[in-house]
Amino acid sequence: MKKLLALLCAAAFLAATPGAEASPRRIRLIFAGREAIVELYDNAAAASLVKMLPLTLDFEDYGGKERIAYPPEKLSAEGMPDSYAPKAGEMTVYAPWGNIAIFYKDHHSSGGLVPVGRFVSGAEAITVMGEGVRVEEIR
């Protein structure tokens, strides 16, 4: 019993120690001579995107608020809420269509949107994303 208690205490200490947690996954988007970094959320949609990388995607404007592209396969929406209200600088997937949607303006809550990650750099260049955007994991 004492050994079990000691192991549980050690595990709790490591979990509470700053720097002991795993670093969030990040991806790099390379386009128009620029680079942007997205920090991925810890969910099934982000994990399914990483499994497809590296990718080259063609983005187009949609609705004056977002840039969209279609990956070769739909991203998982497992365990995700029914709707989501993305902020400017967030990457999502619109589950019904299977497209990635990167918002450059805030958007109201919409059914089918699933959060994937948020830009930590380069968000100011989202509006110039077009054809041939290289997406790769940062290791």
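Residues numbered from 1 in each chain as written. Predicted model: local features only at pLDDT ≥ 70, side-chain atom pairs only at ≥ 80, totals over all residues. Heavy atoms only, no water.

Under the definition given, this model contains two aromatic pairs. With 5.8 Å between their ring centres and 90° between their planes, Tyr62 and Trp97 make a pair best called edge-to-face. Of this pair, Tyr62 sits in strand β4 (residues 60-62) while Trp97 is found in the loop between β7 (90-94) and β8 (99-103), placing the two residues 35 residues apart along the sequence. Of the residues examined, Tyr62 reaches a relative accessible area of 38% and is grouped as partly exposed. Judged by its relative accessible area of 44%, Trp97 falls in the partly exposed class. For the ring pair Tyr94 and Trp97, a centre distance of 5.1 Å and an interplane angle of 85° mean the geometry is edge-to-face. Classification of Tyr94 as partly exposed rests on a relative accessible area of 24%. One aromatic cluster in this structure is built from Tyr62, Tyr94 and Trp97. (Phe/Tyr/Trp six-rings, centres within 6.5 Å; stacked < 30°, edge-to-face > 60°. Helix = DSSP H or I, 4+ residues; strand = E, 2+ residues; numbered from the N terminus. Buried < 20%, exposed > 50% of the residue type's maximum accessible area, 1.4 Å probe, protein only.)

Our next topic: the pattern of salt bridges. Between side chains of opposite charge, a pair can form as their charged atoms come close. Evaluated as defined, the whole model comprises eight salt bridges. Measuring nitrogen to oxygen at the nearest pair gives 2.8 Å for the salt bridge that ties Arg28 to Glu136. Of this pair, Arg28 sits in strand β1 (residues 26-31) while Glu136 sits in strand β11 (residues 133-138), and the two are 108 residues apart along the sequence. A relative accessible area of 21% means that Arg28 is categorised as partly exposed. (Salt bridge = Lys/Arg side-chain N within 4 Å of Asp/Glu carboxyl O.)

Moving on to the sheet that holds strand β5 (residues 66-69). In space, the nine strands of this open sheet follow the order β3-β11-β1-β2-β10-β7-β8-β5-β4, with antiparallel pairing throughout. Of all the strands in the sheet, just β3 (55-57) and β4 have a single pairing partner and so form its edges. Within this sheet the neighbouring strands show an average axis-to-axis angle of 35°, counted without direction. On top of the sheet, helix α2 (residues 44-52) reaches β1, β2 (34-40), β3, β7, β8, β10 (113-121) and β11; it is set at about 65° to β10, its chief contact. (Pairing = 2+ DSSP bridges. Axes fitted to C-alpha atoms, helices over the stretch in contact; angles between N-to-C directions. Contact = heavy atoms within 4.5 Å.)

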